[in-house]
Structures are given as C-alpha cells and as structure tokens.
Amino acid sequence: MATLTVWKFDSVTGANDALTKLQSLQKQHLIEVSDAAIVEWPQGKKRPKTRQVTNLTGAGALNGAFWGMLFGLLFFVPFFGLAVGAAMGALAGHFSDYGIDDDFIKSVRDQITEGTSGLFLLTGHVTLDKVEDELKGHIGTLIKSNLTNEQEAKLREGFGEE
C-alpha cells in the first residue's frame, strides 16, 4: 500500500533538507520513495515555488500533471478567483476518489504558508523505526493521507500511469 504524506517545515529550506536525507535512506533500502514534490514559500512572496523531484525510483512515479493539479488546487485557486474556483471544485471532487479530501486540502493550505516549505511524498515500504531515528531534527509537522491499494490504482489510472 502506498502512502501519500505531506510534511510541513518551519523554514523555506526544510523540505529540501529532509528530502536529501530521505534519498540517502532510500539508498540504504530503509524507505521506498516512489515520487516527491517540494513547495517552498519564501517570506514576502505572494505564491510558493513548486517542483517535482524526478528520478527517485523511475517506475511508479506520478507524472507532472498530478502534482500540477494538486498544487493548483492547494495553493493557486485563491489567487484566480471564483470562476476558476468553480472548475477547481470539480477537480477537488475528482481527487477525493484518491483519498485526497477537502479536509486534507484545507489542512495543507492552512499550514504551508509564507516562510515555510512542504515535502509531498508517495512512499511504499518503510522501516519506520530506523527512518524515524535518522530523521530526528529534520521533520516538522506531518499531515498524512493513507491511500488504499484501490485508491493508489485509481490515482495512477487517473493520471495516465500504468
């Protein structure tokens, strides 16, 4: 079963620092990171910067359309106004099929704000106790949405992944 997790950091560089550590742990086979994306919201900026991390495990990674739509829904809808907001509302309903519901979206939007960063991870196998020990001091607030096997399959199907 895959897990979609979102980690919030109190600094703009926190998400990138944690990802660097996770990539090291992946090489030790302590965690399987299928895909990741980072949101960095520098102080004084109107909008966050987002980027998808590529070449983690190759197979199984989601495409940029998934991350683009999710980040649009989370961070950019408030800037576009009601016309686009209505269309994004329909998209939010689509995401609920994948275990990403309104509460998850609101929680992420409320917590990842100016001066912070977020790390979005799609992970598989995790040796939790060892990973937790290694990440002490790197992890901020965890927002977690578990995906069932069925939800993961829908997610991959919905975004053109085999």
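The name an unreviewed UniProt entry assigns to the protein chain is Putative membrane protein, from the organism Thiocapsa rosea.

S.K.: Quick one: what's the story with the overall build of the protein chain, residue by residue and with numbers?
M.R.: For the protein chain, the helix and strand inventory stands at 6 helices and 5 strands. Reading the secondary structure of the protein chain in the N-to-C direction produces β-α-β-β-α-α-α-β-α-β-α. For the protein chain, the residues scored as buried account for 44% of the 162 residues in total. In the protein chain, the share of contacts with a sequence separation of at least 24, taken over all contacts with a separation of at least 6, comes to 79%.

S.K.: Account for the nonpolar core, with residues named and values stated.
M.R.: If you look at the biggest cluster of nonpolar residues, it comprises 18 residues, and the most contacted ones within it are Phe71, Leu74, Phe75, Val108 and Phe120. Sorting elements by how many residues they give to this core places helix α2 (residues 64-80) first, with 5 residues. Apart from residues lying up to four places away in sequence, Val108 is in contact with Val6, Leu74, Phe75, Phe120 and Ile143. If you look at the next biggest cluster of nonpolar residues, it comprises 17 residues, including Leu22, Leu30, Ile38 and Leu135.

S.K.: Give a description of the pattern of salt bridges that names residues and reports values.
M.R.: Within this structure, the stated rule accounts for 3 salt bridges. The shortest N-O distance in the salt bridge between Lys21 and Glu134 comes to 3.2 Å. On the criterion of sequence distance, the pair formed by Lys21 in helix α1 (residues 14-27) and Glu134 in helix α5 (residues 128-135) is long-range, its members being 113 residues apart. Taking relative accessible area as the criterion, Glu134 reaches 35% and is therefore assigned partly exposed. Of the charged contacts, one joins Asp110 and Lys106 as a salt bridge, the two residues approaching to 2.7 Å between their closest N and O atoms.

S.K.: Residues and numbers for the side chain of Asp35, please.
M.R.: If you trace the backbone, Asp35 turns up in strand β2 (residues 31-40). Among the polar contacts listed, one links the side chain of Asp35 to the side chain of Gln52, at a separation of 3.2 Å.

S.K.: A description of the pairing of strand β1 (residues 3-9) should follow, citing residues and the corresponding values.
M.R.: In terms of burial, β1 is a largely internal element, 7 of the 7 residues being buried. Going residue by residue along β1, you find Thr3, Thr5, Trp7 and Phe9 tucked away on one face and Leu4, Val6 and Lys8 tucked away on the opposite face as well. Judged from the 7 bridges that link them, β1 and strand β4 (residues 117-126) form a sheet pairing that is antiparallel. Within β4, the residue paired with Leu4 across the bridge is Leu122.

S.K.: Tell me about the pairing of β2, residues and numbers included.
M.R.: Of all 10 residues that make up β2, 9 are buried, and the element is covered over most of its length. With 8 bridges connecting them, β2 and β4 associate as antiparallel partners. Within β4, the position partnered with Ile38 by the bridge is Leu119. With 5 bridges joining them, β2 and strand β3 (residues 49-53) adopt antiparallel strand pairing. From the neighbouring strand, Ala37 faces β3, where its bridge partner is Gln52.

Parameters and conventions
Starting afresh in each chain, residues are numbered from 1 along the sequence in its written order. At least 70 in pLDDT is required for a residue's local features to be given in this predicted model, at least 80 for side-chain atom pairs to be given and counted, and no such filter applies to totals for whole chains, interfaces and linings, which use all residues. The basis for every side-chain value is the complete set of non-hydrogen atoms in the structure, without hydrogens or water. Each helix is a run of DSSP H or I of at least 4 residues and each strand a run of E of at least 2, with the numbering of both proceeding from the N terminus. Burial classes: relative accessible area under 20% of the type maximum marks a residue as buried, over 50% as exposed, and values in between as partly exposed (1.4 Å probe, protein chains only). Any two residues having at least one pair of non-hydrogen atoms within 4.5 Å are treated as being in contact. Nonpolar cores are built from buried Ala, Val, Leu, Ile, Met, Phe, Trp, Tyr and Cys residues. Side-chain atoms within 4.5 Å join them into one set. We define a salt bridge as a side-chain nitrogen of Lys or Arg found within 4 Å of a carboxyl oxygen belonging to Asp or Glu. Pairs of N or O atoms within 3.5 Å make up the polar contacts considered here, provided that, within protein, one atom can donate a hydrogen while the other can accept it, and that residues adjacent in sequence are counted only when both atoms are side-chain atoms. At least two DSSP bridges between two strands are required for those strands to pair.

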